[in-house]
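# Survey of secondary and tertiary structure
Letter by letter, the chains look like this.
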Amino acid sequence: MPTRSDQRPPWMLLLFVGLFLSMAVWVLLAQGLAFVGQFALPKALVAYGLVMGPVAYWYVHDATPFWALGPPPRFALPRGRARWVAVSSVVHVLWLLLPLLAWPVLFHRRQVWVSWDVVYYHLPKAADLVQKGHMWNLALPYGQYPIGWESWLALLLGLHGHALGLGVLSALAVVLWLLAWWALLTQRAALPASLAGALVGLLASLFAGLGSVLLLSAGKNDVFASALVLAGLWHA
């Protein structure tokens, strides 16, 4: 929902925007580097840290700088507040990366259950990306598909050499999915934030039973893809 400059965006909306930007920017950046055969984890992480602040600032700033491709797609915040939101994007990046660093160390004896498609092509594509630095190995199963979710799996594999943090990544995707539902309910249905939050909680309870194959399976890309579709509808 567009936010006027004199309004304070709800904290859940900032959380949604921050998590969406943090996850989507990594996907776009990694895919761009892999497209030209230049993906390497240190290079990608440095670029990720450098672009997150400016992207978030452009996203929420109420003015259009000369280098921007167009007006901000959402908020219209004054310069000072936009700067703070841009700084908070760095916090989102840390919030994403720290669990990925800590989980395999603290819970290294716990193995997550993964489905056949994760083992058959999601993780192999991620491992191939880390090893070769490009996305053009068409000999892999579904190698013609672009790397989206697999770029996050590649980050995990590149950091640790194994995939014990798959549960953390999947949990972040579920959080983004729920926040996207909340944002859509407040925007399209014009529901109060608290009522939308209650409905999202009910939605999560229902899907935990009905859609447990997707929501509780570590490493699958379905929830993340649907979260991005919902975010696209919110921006439409």
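Quick notes on the rules
Residues numbered from 1 in each chain as written. Predicted model: local features only at pLDDT ≥ 70, side-chain atom pairs only at ≥ 80, totals over all residues. Heavy atoms only, no water. Core = buried A, V, L, I, M, F, W, Y, C linked by side-chain atoms within 4.5 Å. Buried < 20%, exposed > 50% of the residue type's maximum accessible area, 1.4 Å probe, protein only. Helix = DSSP H or I, 4+ residues; strand = E, 2+ residues; numbered from the N terminus. Contact = heavy atoms within 4.5 Å. Phe/Tyr/Trp six-rings, centres within 6.5 Å; stacked < 30°, edge-to-face > 60°. Salt bridge = Lys/Arg side-chain N within 4 Å of Asp/Glu carboxyl O.

Membership of the largest hydrophobic core comes to 61 residues, with the highest contact counts inside it found for Phe-16, Trp-26, Phe-39 and Trp-152. Of all the secondary structure elements, the ones that give two or more residues to this core are α1 (11-35), α2 (41-60), α4 (116-132), α5 (149-160), α6 (166-188), α7 (193-210) and α9 (222-235). Among the elements that line this core, the one with the most residues is α1, at 15 residues. Setting aside chain neighbours within four positions, we find Phe-39 in contact with Trp-26, Ala-30, Leu-33, Ala-34, Ala-44, Leu-129 and Gly-133.

Glancing now at the packing of aromatic side chains. The final tally for this structure, using the stated rule, is 13 aromatic pairs. Where Phe-16 meets Phe-20, the ring centres are 6.3 Å apart and the plane angle is 25 degrees; that geometry is what we call stacked. Here Phe-16 pairs with Phe-20, and both are found in helix α1, just four residues apart, close to one helical turn. Note on Phe-16: relative accessible area 0%, which makes it buried. Overall, the relative accessible area of 14% leaves Phe-20 in the buried class. Seen in terms of ring centroids, Trp-177 and Trp-181 are 6.5 Å apart; in terms of plane orientation they differ by 90 degrees. Their pairing is edge-to-face. Within this pair, Trp-177 and its partner Trp-181 are both found in helix α6, separated by four residues, close to a single helical turn.

Attention now goes to the pattern of salt bridges. Counted according to the given criterion, the structure contains three salt bridges. Its salt-bridge partner being Asp-117, residue Lys-220 comes within 2.7 Å of it at the nearest N-O pair. Of the two residues, Lys-220 sits in the loop between α8 (212-215) and α9 while Asp-117 sits in helix α4, which places them 103 residues apart along the sequence. If you follow the salt bridges from partner to partner, you end up with Asp-117, Lys-220 and Asp-222 in one network.

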